[in-house]
Every structure is written in C-alpha cells, then in structure tokens.
Amino acid sequence: MDPIIILQAGVATGTVLLFATIGEIFAERSGVLNLGVEGMMLIGAMTAFSTTIATGNPWLGVLAAMLAAGLISQIHAFITITLQADQVVSGLALTFVGTGISLVLGEGLSKAGTVSLMPNFSIPLLSQIPFLGPILFTKQSVLVYIGYLLVPLTWYYINHTRPGLNLRAVGEYPSAADSLGISVFRLRYFYVFIGGMMAGLAGATISLAVAPGWFSELTTAGQGWIAVGLVIFAQWDPVRAMFGSYAFGALRRLILDIQGPTILFGFNNPFYYNPYWGFFLQMLPYAFTVIVLVIGSREAIRKRLGAPAALGNPYVRGERGK
Amino acid sequence: MTETTSSQKKSMGFKIRVEPRLDEPPAWHPVLVSLGAIIVALILGGILISFAGGDPIKSYLHIADASFGDTGVLSDTIVKATPILLAALACSVAFRMKLWNIGAEGQFIMGAFGASAVVLAPLLAEDTPRWLFLTVMALAGMAAGAIWGFIPGYLKAKFNVNEIISTLMMNYIAVAWINFWIFGVWSEGGFQMSPKFPNNAWLPRLLEYAKTYPALRGLTTHAGLLLGIIAAVVLWLIVYRSRWGYEIRLIGDNPHAAKYAGINITGNIIYVMMLSGALAGLGGMSEVSGVVHRLQTSPLAAGYGFTGIIVAWLAKLNPIVIVLVSVLFGALILAGREIQPSGVPKMIQGIILVSLIASDFLLRYRIRIVRADAEE
C-alpha cells in the first residue's frame, strides 16, 4: 500500500484508457459517436500479441494493432457516414464483431507463453524530481512516455491549428464546414480511422506492456466502455481525459493492493480475511464510471458545455437544418 | 479504378444511381432485405472461419443438425431460446423509445438473483406450495430487474446521464454482486455456486409429464417458454394497442412532437427502463428456476442480454417476431458450444448485426441501374 507505487502503476494502467479516450475524442469531435471502442481494443490487443509472437518485435506488434483496429473502425465509418445508419446500433455491432473476431483469431493465443514486451526505462534527471520523478519517469513503458507527449500535442492540434479547427467545424456545424469547401465525409472517415488506431494502440498497451498476454474478453474487461464514459467526463478535452484516465488507473491498482495486507488502518483487513468482500472492490471502477458520468453531465448543464452539436447525426448534403 | 469508371460511362452506357425512396416499400421488402443481410453475414462469417482454419460448410451443417435434428435437440434449442426471448423483449421496448438499454444482461442476472434470494435467504419455507413458490420467485425476479433498470433510468431522466454507458457498467456490477453471494454467503461447501433449489422452486418441465405422454421423455423445455410467449403478447398489446404504447412510440419517433403533445418524457424514461428491467429479470428467473436450479455465475452471465439486443433489432422490435427470431439464435448458441474455434457464434452474431444495419440503407434508398445517356 505504498502511494508512490499505486500512482506509478496507476499512470501505467491509465495509459490504456488515455489512448482509447483520446481516440474517441477525435471521432466524436468530428461528429461520429463510436461505441465500438471495446471491440477495437480487443482486436488491437489480440493483433499486437500474435504479431509479436510471430515476428519477435513488439514495435511491429503495436503497428499491426493500430492498423487492424483502424481498418475495423472503417466498417463503422462506412455504415454511419456513407449509409447514414444509426451510430449507436452500428457501434454496438462493431463491438460484437470486434470481440467475436478477436476470440476466433486469438484462439490458442492464451497458451502462447511469454513474448518480448515494449521496453521499460527511466528518464535521467527527470526521474530525480522528488515525488513526481518516481511516479512519472521511473521504469515506465515507452508507451507511457508516448502518452505524456500525446496529451499536449492533441490539445494543441484540436484547439490551435487549422486542421483542428476544421475538425471542430465538421462536428459542430457540418453544413457550414461543407460550404467552406471542407469535405465532411472525408474528414469523418479520417477521424474515425484515427480513433480506431488509438483504440488499437490502447489494446496493444494492455497486451504488450501493462498486463501482458491474451485473456479473451477479460483482456479489456470493459475498459473500452469506461473510455467512452471518460470522454463525457472529459468534456471532449484531452487534458481532462488524462487526469481521468490516470485516476482510474490508480483506482485499479488500489483495489489490488488493498486486498494484500492483514492489517488495514490498524484493523484486521476484512478483504484479506473474507476474500469474497473483494467483489465490492471490483465494482468500484464501474460504479465510479457512473458517478463520473453524473458529474460530467451536471457540469455540462451548469456551464452550458456539451457534446459536439452534430454528434450522432449523419450528414446529408442538401438537407436543411443539420 | 479511374479507367473502369470512364469505360463504364462510354462503352457500357450504364450507371448505378442511388436515390431516396419516396414511397413506402411493399411489405415483403424488409423481410427480403433482412434475409439477404443474414445470408451475406453467413458468407462473411464463413470466410472468417476458414481464415481461422475451420471448415465453414461443416460448421454451418453442424449448427443446423445439432439444433433442429430431432425432438431432443429441438427441445434444447427452445430451452436456449427462452432466456434470449425475454431479454430481447426487454431490449425491444426500450429501443422503441430510442432508449439504449444495453443492460439487459445485468437486469437478467439481477432477476436470477432476486428469484434465488426467495429460495436461499430464505423468504419462503421449503415446503411452500409450488405455485406460490414460483409466483413469488417470478415477482422477486421482476422486481430485482426493475430496480436494476430504474437506476440508469432515474440517472437519465434526472441528470441526463448517458444510459448506454450506465447500463453497461451496471452489468459488470451485477456480476460482481452475485459473485459476492455465491463465493461467500450462499456458497455450497466452498464451491462457487449456491446449493441446489428444492423441487418446489423448479419451473415445470415437459419430462415431468412423461408418465402420461411417453413422447415427452427427456425433454427439458420448461414453463419459462410460456412466460416468454405471454410476455410477448402482453408487450405487443401494450406497445401497439394502448395509450402508453402510443406515447412510447411517439417519443421514440419524434421526441419534439411528444414534448409539445404534453407527454411526460422523463417519467416515461423511468417507467420504460423499469418495464425493460422487469422483463429481463423475468428472463433471469426463468433461467435460474427452469434450467440452472441454483445460483451460479457462468451459466447465467452467458451473454443472453447481448444476444437479446441483436434479436430485438433483427425482429424490427416487434414482440411477436422476436419469438421466432429467438429460436434461430437459440439454435446458433446451442450448436455453437461445440464448434471450434469457440468464438464463432459470437462473431457470427456480430456480423449479422452489422449487415442488418447496413441493409437498412436499402429500405430508405433505392438503387437503380440507369443508362448513362438517359440523363444529363
């Protein structure tokens, strides 16, 4: 129950949620709600693991995971953007398909043994900073460091660049964007693809760094859905997404650690003596997701913030009022 | 790519044009499109099966034979169809209002818990008459499911909390909740299951009547099927023949019009979520009392709630059609247990849903092949 270890592990585990959440922020900012994150993450985790077994190179595994999940996201893009079908049902279907395909193609992978994982290292100088050094910059996976870089870059891209402005325009007011010569369809396809690649990266982060291996659906255990919830909590902002993701990561580690010691805060630890009380701890991430949604939704009402205005609506050229 | 399009224009003189459908398509049209979507899904699934090293034709023949081959397996198919039927009814009424209750799985599990609590707590003595026992179990199951539907419904109505994510989170919480009981309080000798229920708490099965009708020997179809069919008829009457059903449909089709018509939307969100949860909870009761006969996680949290989503969608949310479609999916799940690789049924379900949604396009648009020189 060392707080430094819990926070250090929290940042590592939270990186999974961070990648998935940022990917979904991109897709939703462009106006496409993609509920297939869980399925795309499973595809990513499975592809990363099997590619690494086949080639021995985890970097190739990560790359293959991003491509595979990006490709499968295009099913959703085609159905919702070109065929203009309901984004909710299509996203659900994508989760079913992604889960099913990863189970079929991942058959037998769980017995595959160990593979070479993404490298861990400490950063000189930065790891000497008191408190933050051991948490953020000591023996973390290279993917965690990529996460640190990604947050400010994404934030800057969305809020302060020309393509970022186009992205927001397409999600807020597609017909205005269209009249300015921005291709709504092409941009939406592109950002759904980016979202898919990020979900694939999140899956690869699980199977090649945070919790190595392939354990069928239990590999993700609902983290894709938590990511979709975090997007709402984060109000489509990557910086808030980062805090939410790391907090959830720390919570997951805390739940594991709290069941270890025999004495907890001077009392006999009930979770140690009656292990089945631990199921209440297991509920916590899911219960917290609901609480976080309540907070996010209330804040949105109070500050008049909200989802991108065109989120969930297919864009039809020449139709009024969209 | 560019070459073919230009040559199409010049030499062949035909062009594919997509235009919105202005008239209502004939009644057989949606049926045909759905059938076509399923066939496309089976072909795609077959390609993926052979990609994973299996034999698609053998797999499909096996599914057909292992689920409709004789009365014995047909009865097993119906046993599998029963929980799917009730879960799909639960999804259909919520979806009708465009309320995305993805939590039928959790409400189903809580229904099984509520029914089990009557036996295990125990709320009723072991020698309670069977009809009373089963009635109380069904009510307890429906109540537990309704509570599990109420929570996300209330959060949606009051705080506008996205019900897709909240209902999904409630699924995971429900699994942890029943695990707590069967690993701890109700564990039978340290095993991860409760003791077996007394016979009074079992839904009647066909094989009980084998003495009078020998043909029924060994058939495990239970009265849950009857509950499901009654629920389907009642739900059809509610949705299509009652004032409440009209409100539900109006909110689903046009929330603005519903609001101006003075319909209580927030109230209906909560009521419909509770009705949906109660139906799924009844499914859980039927499964625990008709098949499993004890509280145990793996046979109850087997994904019936998720299959229900697909069945409801395939049946176009019509309760009566759901009865028929459930039997098909019962067959897929029953036979799928023996197919290698084991993820095949799940994958086929997903692909069916994808091609169904994609095929909706054909109901809203028509694709015409026209001569290129006929226009422009």
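Residues numbered from 1 in each chain as written. Chains lettered and ligands numbered in written order. Predicted model: local features only at pLDDT ≥ 70, side-chain atom pairs only at ≥ 80, totals over all residues.

### Some remarks on the overall build of chain B
- Looking only at helices and strands, chain B features 15 helices and two strands.
- Based on the C-alpha atoms only, the size of chain B along its principal axes is roughly 85 × 55 × 40 Å.
- Per-residue burial over chain B gives 48% buried out of 376 residues.
- Sequence separation of at least 24 residues holds for 78% of the intrachain contacts in chain B that already meet a minimum separation of 6. (Helix = DSSP H or I, 4+ residues; strand = E, 2+ residues; numbered from the N terminus. Buried ≥ 20, exposed ≤ 12 C-beta atoms within 10 Å, placed from the backbone. Contact = placed C-beta atoms within 7 Å.)

### A short note on the interface of chain A and chain B
- Opposite the 39 residues of chain A that make contact, chain B presents 38 residues.
- Elements with a minimum of two residues in the side of chain A that touches chain B: α3 (58-82), α4 (87-105), α10 (223-233) and α13 (278-303) of chain A.
- In the side of chain A that touches chain B, the residues fall into 28 nonpolar, nine polar and two charged. (Nonpolar A, V, L, I, M, F, W, Y, C, P; charged D, E, K, R; others polar.)

### Side note on the nonpolar core
- A20 of chain A together with A87, L89, V272, V311, A312 and I322 of chain B are the most contacted members of the largest nonpolar core, which has 212 residues in total.
- With 16 residues, the top contributor of residues to this core is helix α9 (residues 184-210) of chain A.
- Excluding its chain neighbours within four sequence positions, the residues that come into contact with L89 of chain B are A231, A232, L235, L279, P319 and I322 of chain B. (Core = buried A, V, L, I, M, F, W, Y, C linked by C-beta atoms within 7 Å.)

### Brief notes about the environment of E287 of chain B
All names here are of chain B.
- Note that E287 resides in helix α11 (residues 265-292).
- Among the residues examined, E287 registers 30 C-beta atoms within 10 Å and is labelled buried.
- With 208 residues separating them in the primary sequence, E287 and V79 have C-alpha atoms 8.8 Å apart.
- In contact with E287, not counting residues within four places along its chain, are P83, A112, V292 and L300.

### What about the environment of S67 of chain B?
All names here are of chain B.
- Tracing the chain through its elements places S67 in helix α3 (residues 56-68).
- The spatial distance from the C-alpha of S67 to the C-alpha of A331 is 5.0 Å, given a sequence separation of 264 residues.
- Discounting residues that sit within four places of it in the chain, S67 has contacts with V73, T77, A331, L334 and A335.

No statement about biological role is implied by the geometric values presented.
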